[in-house]
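Observations on chain architecture
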Amino acid sequence: MFADVYNGRRVFITGHTGFKGSWLAAWLVRLGAAVGGYADSVPTEPSHFAAMGIGEHIEDMRGDVRDRETLAQTMCNFRPEVVFHLAAQALVRKSYEAPAETFETNMLGTLNVLEAARRCPSLRALVLITSDKCYRNDELVWGYRETDHLGGGDPYSASKGCAEIIAHSYFQSFFQKGPACATTRAGNVIGGGDWALDRIVPDCARAWAAGQPAVIRSPAATRPWQLVLEPLSGYLWLGARLLDNHGNPSTVHGQAYNFGPAADVNNTVNEVAQALKRHWPGFAVQMDATGQTGGRECSLLKLCCDKALAHLNWKATLGFEETVRHTAEWYQYFYRGEGGKKPRNMLDFTLGQIAAYVSAAEQCGQIWTQ
């Protein structure tokens with residue numbers, strides 16, 4: 001996979017204890033990379049990071065991305081060839097409660113990663129992960145392109161727009177001769193091991209595991225849902241392309257890319273909940289009658305991923321039902337295991353899902369599997 005470029009490479013991940021970061025760490029370990037992770041804490045209990053025990057297979061380092069000197073020193077000491085920056089305050093509702101922390105983590109954290117990259121002589125490729133919410137969302141019916149306006153009415157979206165602007169300033173001002181860099185913006189990600197607050201799948205998993213109905217807010221809100229492995233395949237393939245073009249002019253260096261599902265995969269929150277019910281029978285859903293949303297969120301959001309297809313020949317692999325099935329199966333195995341015995345370690349099951357996803361991608365002829 002990925003032209004075998006990660007086998008034996010030293011890869012540094014910020015936010016490796018989070019949902020997407022822990023899946024990325026597991027995949028890189030499977031690819032033979034020497035992985036170093038940098039995060040201030042494990043953000044939830046339970047967590048995918050702890051459930052897998054992935055910390056035993058990587059160099060697990062603690063630190064805050066807002067601490068510039070510690071981050072830079074830790075990165076340089078690890079001597080990475082590739083950096084994936086995922087550390088963030090990733091919740092829209094929390095951004096209303098803690099706007100300063102959101103801006104500091106997402107905007108200044110990105111700035112500090114870029115400054116650390118300038119001081120890291122071993123670094124060859126840098127992939128910065130922001131969010132599809134970095135776009136100024138006018139709730140258009142067509143997908144946002146990488147050239148559309150950045151910004152946002154809520155602090156989270158605005159902080160991600162700021163991170164993009166800072167990153168591309170650094171790309172043009174300091175990184176023309178390396179390391180090769182790019183930013184990525186992914187659609188809404190679901191999958192096993194996410195226990196963040198105020199997200200549809202974790203809310204359902206917690207409720208159903210307790211034998212209670214899942215309470216659904218904003219059932220008509222529409223998002224480009226995708227399995228967590230979809231954008232990660234894009235990040236890894238982009239990183240591989242950046243490594244190939246280190247120090248040389250290329251179409252990918254200094255660019256931004258959307259990674260999302262096919263244009264027709266745009267489902268409502270209620271459709272996600274009902275699909276989860278089909279794959280996890282015996283549980284109920286009820287609508288939130290309070291109307292409390294904790295701050296305004298957009299009701300419609302779509303991405304155009306034509307640029308990733310044109311530059312990287314990347315496209316999504318799974319449809320909506322397959323995405324939900326993989327997600328439901330992970331949580332069912334975590335809570336129930338086999339024969340009623342809860343598994344002690346979810347790493348093998350996680351790696352099994354990665355293998356199944358890769359097999360599906362191979363059948364679709366995805367370029368990164370060749």
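One can find the structure itself at the top, above this paragraph.
Residues numbered from 1 in each chain as written. Predicted model: local features only at pLDDT ≥ 70, side-chain atom pairs only at ≥ 80, totals over all residues. Heavy atoms only, no water.

This next bit is on the overall build of the chain. Regarding its fold elements, the chain presents twelve helices and 13 strands. Its C-alpha atoms give the chain a radius of gyration of 19 Å, near enough to 21 Å, the size a compact globule of 370 residues would have. Each principal axis of the C-alpha atoms in the chain carries an extent, and together these give about 55 × 45 × 40 Å. Taking as baseline every contact in the chain between residues at least 6 positions apart, the subset at least 24 positions apart corresponds to 81%. When the accessible surface of the chain is totalled, it reaches about 14,800 Å², and 49% of it is carbon and sulfur. In the chain, the 35 positive side-chain charges and the 37 negative ones have mean positions that sit 2 Å from each other. (Helix = DSSP H or I, 4+ residues; strand = E, 2+ residues; numbered from the N terminus. Rg over C-alpha atoms; globule rule 2.2 N^0.38 Å. Contact = heavy atoms within 4.5 Å. Areas by Shrake-Rupley, 256 points an atom, 1.4 Å probe, with all protein chains shown as cover. Lys, Arg positive; Asp, Glu negative; His and termini not counted. Charge placed at Lys NZ, Arg CZ, Asp CG, Glu CD.)

In this section: helix α8 (residues 229–244). Its 16 residues place the ends of α8 22 Å apart at the C-alpha level, agreeing with the 22 Å of an ideal helix rising 1.5 Å per residue. For α8, the buried fraction is high: 14 of the 16 residues fall into the buried class. (Expected span 1.5 Å × (residues − 1). Buried < 20%, exposed > 50% of the residue type's maximum accessible area, 1.4 Å probe, protein only.)

Next up on the list: the side chain of Asp 154. With respect to the helices and strands, Asp 154 occurs in the loop between β5 (125–129) and α6 (155–174). Note on Asp 154: relative accessible area 10%, which makes it buried. One polar contact links the side chain of Asp 154 to the main-chain amide nitrogen of Tyr 156, over a distance of 3.1 Å. (Polar contact = N/O pair within 3.5 Å; in protein donor to acceptor, adjacent residues only side chain to side chain.)

This part takes up the sheet that holds strand β6 (residues 180–186). Strand order in the open sheet formed by seven strands is β3-β2-β1-β4-β5-β6-β11, and the pairing between neighbours is parallel. Two strands lie at the open edges of the sheet, namely β3 (59–62) and β11 (255–259), each paired on one side alone. Neighbour to neighbour, the strand axes of the sheet diverge by 20° on average, direction disregarded. Across five bridges, β6 lies against β11 in parallel orientation. Within β11, the position partnered with Ala 186 by the bridge is Phe 259. Against the sheet, helix α5 (residues 99–118) contacts β1 (10–14), β4 (82–85) and β5, and its axis sits at roughly 180° relative to β5. (Pairing = 2+ DSSP bridges. Axes fitted to C-alpha atoms, helices over the stretch in contact; angles between N-to-C directions.)

A few words now on the nonpolar core. Core analysis: the biggest nonpolar cluster contains 84 residues, and Tyr 6, Trp 27, Leu 28 and Phe 84 have the highest contact counts within it. It is α8 that provides the largest number of residues to this core, a total of nine residues. Every residue in contact with Phe 84, bar those within four places of it in the chain, is listed here: Tyr 6, Val 11, Phe 12, Ile 13, Thr 14, Leu 24, Leu 28, Val 127, Ile 129, Tyr 235 and Leu 236. (Core = buried A, V, L, I, M, F, W, Y, C linked by side-chain atoms within 4.5 Å.)

This part takes up the pattern of salt bridges. For the structure shown, the criterion picks out 17 salt bridges. Each of Arg 93, Asp 198, Asp 203, Arg 206 and Arg 217 takes part in one network of salt bridges that share partners. (Salt bridge = Lys/Arg side-chain N within 4 Å of Asp/Glu carboxyl O.)

With respect to the helices and strands, Arg 9 occurs in the segment before β1. Within polar-contact distance, the side chain of Arg 9 engages the side chain of Glu 81 at 2.7 Å. Residues contacting Arg 9, with those up to four places away along its chain left out, are Ala 33, Ala 34, Glu 81, Arg 124 and Leu 243.

This part is about the packing of helix α9 (residues 269–279) against helix α11 (residues 320–336). Where α9 contacts α11, the two axes come as close as 9 Å, and the packing angle between them is 60°. By the criterion of interaxial angle, the relationship of α9 to α11 is oblique. Our pair here, α9 against α11, has a crossing hand that is right-handed. Facing Glu 271, Val 272, Ala 275, Leu 276, Arg 278 and His 279 of α9, the residues of α11 in contact are Phe 320, Glu 321, Val 324, Arg 325, Thr 327, Ala 328 and Gln 332. The class makeup of the residues in the contact of α9 with α11 is six nonpolar, three polar and four charged. (Parallel < 35°, antiparallel > 145°, perpendicular 65-115°, else oblique. Left-handed = near helix turned anticlockwise from the far one by under 90°. Nonpolar A, V, L, I, M, F, W, Y, C, P; charged D, E, K, R; others polar.)

The values are spatial; any link to function lies outside them.
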